[in-house]
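Here's the letter readout for the chains.
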Amino acid sequence: TRILHPIHYSINPTKKHNSITKQSINLTMGRSLKINVVSARDLRNADADEGGESDPFVVVCFDNKVSQSLARTDVATDTSNPEWNQEFEVDVSKHIKEIVAETGDEPKMLTFCVYDGDVDAAEPLGVAGFKFDELVKNGKYEGELEVFQGTGYVTVA
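What you see is a predicted model, and the numbers here were worked out from it, not measured in a lab. (Residues numbered from 1 in each chain as written. Predicted model: local features only at pLDDT ≥ 70, side-chain atom pairs only at ≥ 80, totals over all residues. Heavy atoms only, no water.)

### Looking at the overall build of the protein chain
In terms of helices and strands, the protein chain carries two helices and eleven strands. Residues counted as buried form 50% of the 157 residues belonging to the protein chain. Restricting to contacts in the protein chain with at least 6 residues of sequence separation, those with at least 24 account for 59%. (Helix = DSSP H or I, 4+ residues; strand = E, 2+ residues; numbered from the N terminus. Buried < 20%, exposed > 50% of the residue type's maximum accessible area, 1.4 Å probe, protein only. Contact = heavy atoms within 4.5 Å.)

Here's what the structure looks like:
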């Protein structure tokens, strides 16, 4: 099922594709968001021309607004198959108010922007996400999200 640009939503955590795996996402009624970013696999190698591998990290944000990030993983060094196992709990009320003030509407997507974290600059490896209102409606999200503008899948549970 396709949803808003250029994000793909699918539920299949065992699918063998490039992915960021096992991200737990839960939303409590007070708009507190729990996110667990565990790992990724088969990400695009942005450093192949330099003889190395990517140094990936993930920025979690609404509607691809990285400047208003909710959470950021550490950089995993020299790997296309990073393991972060990082948990975050974020009060998203402030972020939602800022987006409403800026756009006149609540956020549409919860996005996972994947970057190669080189010393000189972070290079985008792709973005994945899902409709935020599904998280609000269900209180939890589980599934595998295709990474667009790059390669891979993001798995959330």
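### Details of the pattern of salt bridges
If you walk through the whole model with that rule in mind, you get five salt bridges. A salt bridge links R44 to E123, with the shortest nitrogen-to-oxygen separation between them at 3.3 Å. Taken together, the residues span a long stretch of sequence, with R44 in the loop between β3 (32-41) and β4 (56-62) and E123 in strand β8 (residues 122-131) at a distance of 79 residues. Residue R44 is classed as partly exposed on the basis of its relative accessible area of 30%. D105 is the partner of K108 in a salt bridge, and the nearest nitrogen-oxygen pair spans 2.1 Å. Overall, K108 belongs to the partly exposed group, its relative accessible area being 39%. Assessed through its relative accessible area of 36%, D105 is described here as partly exposed. (Salt bridge = Lys/Arg side-chain N within 4 Å of Asp/Glu carboxyl O.)

### Remarks on the packing of aromatic side chains
What the rule picks out here adds up to three aromatic pairs. Between F57 and Y115, the ring centres sit 5.5 Å apart and the planes meet at 20°, which makes this aromatic pair stacked. Of the two residues, F57 sits in strand β4 while Y115 sits in strand β7 (residues 109-117), which places them 58 residues apart along the sequence. Take F57: its relative accessible area is 4%, and that puts it in the buried class. Taking relative accessible area as the criterion, Y115 reaches 15% and is therefore assigned buried. Look at F62 and F132: their rings are 4.8 Å apart centre to centre, the planes differ by 75°, and that puts the pair in the edge-to-face class. In this pair, F62 is assigned in strand β4 and F132 in helix α2 (residues 132-138), connecting sequence segments 70 residues apart. The residues F62 and F132 share a single accessibility class, namely buried. (Phe/Tyr/Trp six-rings, centres within 6.5 Å; stacked < 30°, edge-to-face > 60°.)

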